[in-house]
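Coordinates in review
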Amino acid sequence: MKRTDPLSIRQIIDQVMDTSARKDEMLAMRASYLWADIVGPGVNRFTTRRYVKDGILHVNISSGPLKSELSFRRDAIVSRINDILGRQVIRGIRFH
């Protein structure tokens, strides 16, 4: 048996996920959870629901003016999410 260097838990999970057919689903879920980290607690306070469907991040925002402001930053948010994930998982954002 060949000895290898020890791996971190993160590396082991990544190896398993690379071979899994559900990697895209997991990345989509992770993209949804990244919303709070990217927009910050002030904006996240007005977020009531978020989910990913067909590569589009759907975000329910309870403030009309905030929806308008976020729509101007849509491309930057999508880019930031995909940068963190390391590949293009999110194609766009839809605010409700």
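Report on the accompanying structure. Worth saying up front: this structure is predicted, and the values here are computed from it rather than measured.

1. Brief notes about helix H4 (residues 74-85)
Its 12 residues place the ends of H4 17 Å apart at the C-alpha level, agreeing with the 16 Å of an ideal helix rising 1.5 Å per residue. Taken residue by residue, H4 has Ile-77, Val-78, Ile-81, Asn-82 and Leu-85 as its buried positions. The arc that holds the buried residues of H4, viewed along the axis, is 130°, so those residues lie on one side. Seen from the buried face of H4, the exposed residues on the opposite side, beyond 90 degrees, are Asp-75, Ala-76 and Asp-83. Against the buried residues of H4 lie helix H2 (23-44), strand S2 (56-61), helix H3 (64-72) and strand S3 (92-95). Following H4 by one or two positions, Gly-86 has its phi on the positive side, about 85°.

Procedures and definitions
Every chain is numbered on its own, with residues counted from 1 as its sequence reads. Per-residue local features of the predicted model are confined to residues with pLDDT of at least 70, and side-chain atom pairs are confined, for both listing and counting, to 80 or more; whole-chain, interface and lining totals are unaffected and use all residues. To obtain the side-chain values, all non-hydrogen atoms of the structure were used and water was disregarded. Strands are runs of DSSP state E lasting at least 2 residues, helices are runs of H or I lasting at least 4, and numbering of each runs from the N terminus. The span one expects for a helix is its residue count, reduced by one, times 1.5 Å. A 1.4 Å probe rolled over the protein chains alone gives each residue an accessible area, and that area as a share of the maximum for its type sets the label: buried under 20%, exposed over 50%, partly exposed in between. Comment: arc refers to directions from the helix axis out to C-beta atoms. Contact definition: two residues touch when any of their heavy atoms are within 4.5 Å.

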